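Residue-level listing of the chains:
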Amino acid sequence: MDAPESDERLMTRYRDGDDSAFDTLYERHRGGLYRFMLRQCGSRAVAEELYQDVWLSVIRVRASYTVSAKFTTWLYQMARNRIIDNHRRASIRPVSGAEVGSDAQSEPSAPDGEQPDRQAQSAQGLETLARLVDALPDEQREAFLLREEAGMSVQEIAECTGVNNQTAKSRLRYAVKKLRAGWSEHHE
């Protein structure tokens, strides 16, 4: 079986006129990008508007696209810039974990036949995790979400956020440490 085509190659094909390459990129990244933006924005309406703006920007700049970084780094940097611009215009806190819900495709569906008590425990665990993520300082939450939603490496997080590798690594390490501590406290 062949390995999936790289995002960078797909974007290059899209730049060169292959619209189906855009469809593939969109399908690969729509869920993670939307969840990242929703968690970083203050409302669904704002997240959806900024999300659409990011994809429209991909379409607008396609003719000038050159591979200078991983596609995900480029895409999430664009999203991050939109979020920062929006935060500057209006002081908004990120949406709470309880608000994210299934619209953001944040909860896995339960297998058929799973017991209701197990489903309830799973839902409570997801709510707890969402609250813990919400409570992280902004920089740590951003690093954690870039790792979890975009699958970025420490180096890619550093490139996307404009910090050095050690700072990105520290933010991620502190986020995970705080999440583990919060999880342990909640489950004692």
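Refer to the preceding data block for the structure.
Report on the accompanying structure. From a predicted model like this one, the values you see are computed outputs, not experimental measurements. (Residues numbered from 1 in each chain as written. Predicted model: local features only at pLDDT ≥ 70, side-chain atom pairs only at ≥ 80, totals over all residues. Heavy atoms only, no water.)

1. Some thoughts on the packing of helix α1 (residues 7-15) against helix α4 (residues 71-89)
Put simply, the rule is: Fitting a line to C-alpha atoms yields each axis, with helices limited to the stretch in contact; the angle taken between N-to-C directions then spans 0 to 180 degrees. Comment: elements are numbered from the N terminus, with helices defined as DSSP H or I runs of at least four residues and strands as E runs of at least two. Here the angle decides the label: under 35 degrees means roughly parallel, over 145 means roughly antiparallel, 65 to 115 means roughly perpendicular, and every other value means oblique. Should any heavy atoms of two residues lie within 4.5 Å, those residues are considered in contact. For this scheme, ten residues count as nonpolar: Ala, Val, Leu, Ile, Met, Phe, Trp, Tyr, Cys and Pro. Four count as charged, namely Asp, Glu, Lys and Arg, and the remainder, Gly too, count as polar.
Where α1 contacts α4, the axes come no closer than 8 Å and their chain directions differ by 70°. In this view, α1 runs roughly perpendicular relative to α4, as classed from their interaxial angle. Facing Asp7, Glu8 and Met11 of α1, the residues of α4 in contact are Phe71, Thr72 and Trp74. Here the contact of α1 with α4 is composed, by residue class, of three nonpolar, one polar and two charged.

2. Some remarks on the packing of aromatic side chains
Cut-off, in case you're wondering: Pairing of aromatic side chains requires ring centres within 6.5 Å, counting the rings of Phe and Tyr and the six-membered ring of Trp. Pairs whose planes differ by under 30 degrees are stacked, by over 60 edge-to-face, and all others tilted. Partly exposed describes any residue whose relative accessible area lies between the buried limit of under 20% and the exposed limit of over 50%, with all areas from a 1.4 Å probe on protein chains only and scaled to the type maximum. Whether a charge sits over a ring comes down to the Lys NZ or Arg CZ being within 6 Å of the ring centre and within 35 degrees of the ring normal.
As enumerated under the stated definition, the model contains nine aromatic pairs in all. When the centroid spacing of 5.7 Å and the interplanar angle of 90° are considered together, the rings of Phe22 and Trp55 count as edge-to-face. Of this pair, Phe22 sits in helix α2 (residues 19-40) while Trp55 sits in helix α3 (residues 44-60); the two residues are 33 residues apart in sequence, bridging distant segments of the chain. Judged by its relative accessible area of 13%, Phe22 is buried. Measuring from centroid to centroid gives 5.0 Å for Tyr65 and Trp74, while their planes differ by 65°, and the two rings are edge-to-face. On the basis of relative accessibility, which here comes to 4%, the residue Tyr65 falls in the buried class. A network of ring pairs unites the aromatic residues Tyr14, Phe22, Tyr26, Tyr34, Tyr51 and Trp55 as a single cluster. Sitting over the ring of Tyr14, Arg62 keeps its end group 4.2 Å from the ring centre.

3. Observations concerning helix α8 (residues 154-161)
Among the residues making up α8, those that are buried are Glu156, Ile157, Ala158, Cys160 and Thr161. Positive phi shows up at Gly162, right after α8, with a value of about 75°.

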